[in-house]
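# Coordinate analysis (summary)
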Amino acid sequence: MFLINCPYCGERDQSEFSCGGEAHIVRPKQPTELSDDQWAEYLFMRKNIKGVQFERWNHAHGCRKWFNMVRDTSNDKIHAVYKMGEKPPVE
Amino acid sequence: MKNKYSIFSLIKNAFSQHENWKQAWGDPEPKREYEAIIIGGGGHGLATAYYLAKKHNMRNIAVLEKGWIGGGNTGRNTTIIRSNYLWDASAGLYDHALKIWENLSQELNYNIMFSQRGVMNLAHNLQDVRDLKRRTHANRLNGIDAVWLNTDQVKEFCPIINTSPDIRYPVLGGTLQRRAGTARHDAVAWGYARGADEMGVDIIQNCEVKGIKRNGDKVEGVETSKGFIKTKKIGVVAAGHSSVIANMAGLKLPLESKPLQALVSEPVKPIIDTVVMSNAVHAYVSQSDKGELVIGAGTDAYVSYTQRGSHDVVEGTLKAILELYPIFSRMKMLRQWGGIVDICPDASPIISKTNIKGLYFNCGWGTGGFKATPGSGDLFAHTIANDEPHKLNAAFNLNRFVSGDLVDEHGAAAVAH
């Protein structure tokens, strides 16, 4: 449990948000061209990092906007919050 | 058996004030090379080593544990054992485990306190009723005992449940598996450790794996905090940390690691003599032999390795518990903790070879791995020893995420995941 600084609403309790998992997984441009292995990679395989991870969050019980977050999964410390479409900060 | 536990050994040792009991397992330094290495000294890992030694005659093996044995999810779960899963593949897997549980204390010569007190799953809405009845039929077709109980029978089986139609999620019935129950989780790890040690398995604690050495598409050994150890076969049974080990070998797994919480109350006199689970409101409760209520809560909905959970998850579970059991309204909770569970997209485990020769994974047990401990160890040992799966774990391969042949137990397995 932690506080999240929503880029639109400011600091709120984590229970207001829902996590959308790993960020920057690009949707295939031509789905018809994908092999089964590539589909598996896109749909299921995750880095699941212990340490600094880039992820998507949604302020579900607030502004309902999506944004990205950089969080250390080993201690739940948040390093950065940035809007969708913005470049991820380099750690 | 060099140190068999029995009434006679108990009496004999009483004369020496119980000061001459032999150590149940050793504390060896790692050798330079092993036939196989198991990463992870929890119940599943120790059971794997035990069955590798016992059934496949592989004695030159080691279990590497970064902390102490049974200190991870084995010592953090709510000890529930059942096999009432919907799909044939899961029913086969979990009932295989349940059959081993039934004779495990005798087999290990170690009292794991297995208690077939029954597990009851409640239905709170019409869809629950339809789903649970369907599962009951599926279970019976697979030879697994299951019965449907109406509201009155639920009340009769567990009188403290509030079956009033006026509560927010009224009890419309439930299913009961009488062969299901609980076991003492620590004893399971200790019993397997003692058994494996006796057959020559090295159980090496405080030994963290730092890297997997690969030569092309096969493994050569593991880099650990106690130096490099050579081996041709590595079985990874690292639960929440499976992805961490996979990354060391350059693999990606379809897993997300999340904290799952449980809590226990102050000890009270016997009040609930079974296990009651409720999918819709996510509350399950049983009572330990010490008298504590053992309560399982949900997972946090984000990846975290912190071994603690969010307060709101506990709050949600306790709200549901209080509505179902108003009698507990003044109970005090004593302890709360979290364990890191590795969740698969289809909520079924992976017991599988990988495309790296000699590297095997037993992971993805998510929120319900304890119940499968003996079966999981047995089948994983078979997979490692023969380099191919047993027919009971063939469906639980890693390739199912490519082929699409998933074993979708989400919501079908009688609990919410």
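The rules behind each value
- Residues numbered from 1 in each chain as written.
- Chains lettered and ligands numbered in written order.
- Predicted model: local features only at pLDDT ≥ 70, side-chain atom pairs only at ≥ 80, totals over all residues.
- Heavy atoms only, no water.
- Helix = DSSP H or I, 4+ residues; strand = E, 2+ residues; numbered from the N terminus.
- Polar contact = N/O pair within 3.5 Å; in protein donor to acceptor, adjacent residues only side chain to side chain.
- Contact = heavy atoms within 4.5 Å.
- Phe/Tyr/Trp six-rings, centres within 6.5 Å; stacked < 30°, edge-to-face > 60°.
- Buried < 20%, exposed > 50% of the residue type's maximum accessible area, 1.4 Å probe, protein only.
- Lys NZ or Arg CZ within 6 Å of the ring centre and 35° of its normal.
- 1 Å grid on protein atoms, 1.4 Å probe; cavity = no way out; pocket = protein on both sides within 12 Å on 5 of 7 lines; lining within 4 Å.
- Points joined across faces, edges and corners; volume = space filled by probe spheres on them.
- Nonpolar A, V, L, I, M, F, W, Y, C, P; charged D, E, K, R; others polar.

It is worth spelling out the side chain of Ser243 of chain B at this point. Checked against the element boundaries, Ser243 of chain B lands in helix H8 (residues 242–248). At a separation of 2.7 Å, a polar atom in the side chain of Ser243 of chain B contacts the side chain of Asn48 of chain A. If we ignore the near neighbours within four places in the chain, the residues touching Ser243 of chain B are Lys47 and Asn48 of chain A together with Leu253, Leu255 and Tyr305 of chain B.

A complete count under the given rule lists 16 aromatic pairs over all chains for this structure. Taking 5.9 Å as the distance between ring centres and 85° as the angle between the ring planes, the aromatic pair formed by Phe17 of chain A and Phe67 of chain A counts as edge-to-face. Residue Phe17 of chain A is located in the loop between strand S2 (10–13) and strand S3 (18–22), and its partner Phe67 of chain A is located in strand S5 (residues 66–72); the two are separated by 50 residues in the primary sequence. Of the two residues, Phe17 of chain A and Phe67 of chain A, neither departs from the other in class, the shared state being buried. Here a set of aromatic residues connected by ring pairs shows up, and it is made of Phe2 and Trp57 of chain A together with Tyr302 of chain B. Here the guanidinium or amino end of Lys65 of chain A rests over the ring plane of Tyr8 of chain A, the centre of that ring lying 4.8 Å away.

Residues and elements named next belong to chain B. Size it by volume and the second largest pocket reaches roughly 470 Å³. Lining the second largest pocket are 22 residues, with Thr79, Arg184, His185, Ser288 and Glu292 positioned closest to its centre. Elements supplying a minimum of two residues to the lining of the second largest pocket: helix H7 (185–198), strand S16 (283–287) and strand S18 (333–343). Class assignment for the residues of the lining of the second largest pocket results in five nonpolar, nine polar and eight charged.

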